[in-house]
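Structure at a glance
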Amino acid sequence: DKKVKEQSEAEARQKELVEAQQKEVSTMAEEYGVLMMHPLIRLDNFCGSCSWAGKVTCDRRAAQMKEKHHMGAIAAKLSVMEGKACKKQ
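First, a word on scope: everything that follows refers to the structure included in this document.

1. A closer look at the pattern of salt bridges
Within the structure shown, the criterion is met by 1 salt bridge. Between E67 and R60 there is a salt bridge; the shortest N-O distance is 3.8 Å. Judged by relative accessible area, which is 38%, R60 ranks as partly exposed.

Okay, structure coming up:
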């Protein structure tokens with residue numbers, strides 16, 4: 001009985017954790033959508049496949065920014081777009 005109860009409690013905690021994570025992902029997706037369409041931020045202008053400074057793609061430069069400066073994905077994209085090497089400024 002004790003093992004069954006413990007297993008049931010563990011399953012309930014796991015279910016709560018999964019639900020909380022799903023809610024967080026949903027919230028982040030909504031926020032991303034708002035940021036993509038915001039006229040001042042202009043994330044919709046980010047072109048990951050174009051050349052940044054003629055050396056790497058904008059996607060690769062954003063990945064480098066995330067790794068080196070511990071930035072989030074959106075902050076890295078904005079940083080790439082703000083740079084003088086961005087062709088879509």
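Having put the structure on the table, let's press on.
2. Overview of helix α2 (residues 58–69)
In a regular helix each residue adds 1.5 Å, so 12 residues correspond to 16 Å; α2 covers 16 Å between its end C-alpha atoms and thus fits that length. Looking only at α2, the buried set comprises C58, A62 and M65. Each buried residue of α2 sits inside an arc of 55° when the element is viewed along its axis, so together they form one side. Relative to its buried face, α2 has exposed residues pointing more than 90 degrees away, namely E67 and K68. Here the buried face of α2 lies against β1 (51–52), β2 (56–57) and α3 (73–82). Positive backbone phi, approximately 55°, marks H70, located one or two places after α2.

How each quantity is defined
- Residues numbered from 1 in each chain as written.
- Predicted model: local features only at pLDDT ≥ 70, side-chain atom pairs only at ≥ 80, totals over all residues.
- Heavy atoms only, no water.
- Salt bridge = Lys/Arg side-chain N within 4 Å of Asp/Glu carboxyl O.
- Buried < 20%, exposed > 50% of the residue type's maximum accessible area, 1.4 Å probe, protein only.
- Helix = DSSP H or I, 4+ residues; strand = E, 2+ residues; numbered from the N terminus.
- Expected span 1.5 Å × (residues − 1).
- Arc of directions from axis to C-beta.
- Contact = heavy atoms within 4.5 Å.

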